[in-house]
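# Summary of structural features
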Amino acid sequence: APDRAPRTRAPATGNADLVEAMDAERSGVMLTVVAEVLKTLPDDRDGSRHQRFLLLIDDAGAPYDTLLIAHNIDLAERVPLKAGDIVSLYGQYEFNDKGGVLHWTHHDPGGRHEDGWIEHEGVRYE
């Protein structure tokens, strides 16, 4: 088996931009999040297909403890993740009453939107 670095918890203050966006109920901002996968969810197949999963947001002072990720798998490769994995993501945050959703975690083939990405176990999915 390949050597793997020991898993570490996401930094307790590493998501300050997310916590600020949650507090301000701000939407439409591109930001980076580093967190643990809490749960994988069934794909959303309504329109463009999206891989969905919940992140655990355990930053001190965060007003919500989860964040939904909606990763477009018609434009980017599915990320092979499971609960407990640590991921880094860059995407567009949209506030909702459950803590929000992060989407645009992929390239924009039309070049009209800033590209996002997900990093998992040293691989970038965009």
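See above for the structure.
Residues numbered from 1 in each chain as written. Predicted model: local features only at pLDDT ≥ 70, side-chain atom pairs only at ≥ 80, totals over all residues. Heavy atoms only, no water.

### So, the nonpolar core
Counting 20 residues, the largest nonpolar core has Val 33, Phe 53, Leu 55, Leu 67 and Leu 89 as the members making the most contacts within it. Elements that contribute at least two residues to this core include exactly helix H1 (16-24), strand S1 (29-44), strand S2 (50-56), strand S3 (66-72) and strand S4 (86-94). At four residues, the largest contribution of residues to this core is made by S1. (Core = buried A, V, L, I, M, F, W, Y, C linked by side-chain atoms within 4.5 Å. Buried < 20%, exposed > 50% of the residue type's maximum accessible area, 1.4 Å probe, protein only. Helix = DSSP H or I, 4+ residues; strand = E, 2+ residues; numbered from the N terminus.)

### Overview of the pattern of salt bridges
Scanning the model with the defined rule gives six salt bridges in all. The partner of Asp 85 in a salt bridge is Lys 82, and the shortest N-O contact between them spans 3.0 Å. Residues participating in the shared-partner salt-bridge network are Asp 43, Arg 45 and Arg 78. (Salt bridge = Lys/Arg side-chain N within 4 Å of Asp/Glu carboxyl O.)

### So, the packing of aromatic side chains
Applying the stated criterion to the full structure yields two aromatic pairs. Their ring planes at 65° and their centres at 5.9 Å tell us that Tyr 64 and Phe 95 sit as a pair that is edge-to-face. Here the residue Tyr 64 occupies a position in the loop between S2 and S3, and Phe 95 occupies one in the loop between S4 and strand S5 (101-103), the gap between them amounting to 31 residues. Overall, the relative accessible area of 22% leaves Tyr 64 in the partly exposed class. Relative to Trp 117, the ring of Tyr 90 has its centre 6.0 Å away and its plane inclined at 25°; by these criteria the two rings are stacked. Remark: Trp 117 occurs in strand S6 (residues 117-120) and Tyr 90 occurs in strand S4; sequence separation between them is 27 residues. The burial state of Tyr 90 is the same as that of Trp 117; both residues are buried. Between Arg 124 and the ring centre of Trp 117, over which it is positioned, the NZ or CZ distance is 3.9 Å. (Phe/Tyr/Trp six-rings, centres within 6.5 Å; stacked < 30°, edge-to-face > 60°. Lys NZ or Arg CZ within 6 Å of the ring centre and 35° of its normal.)

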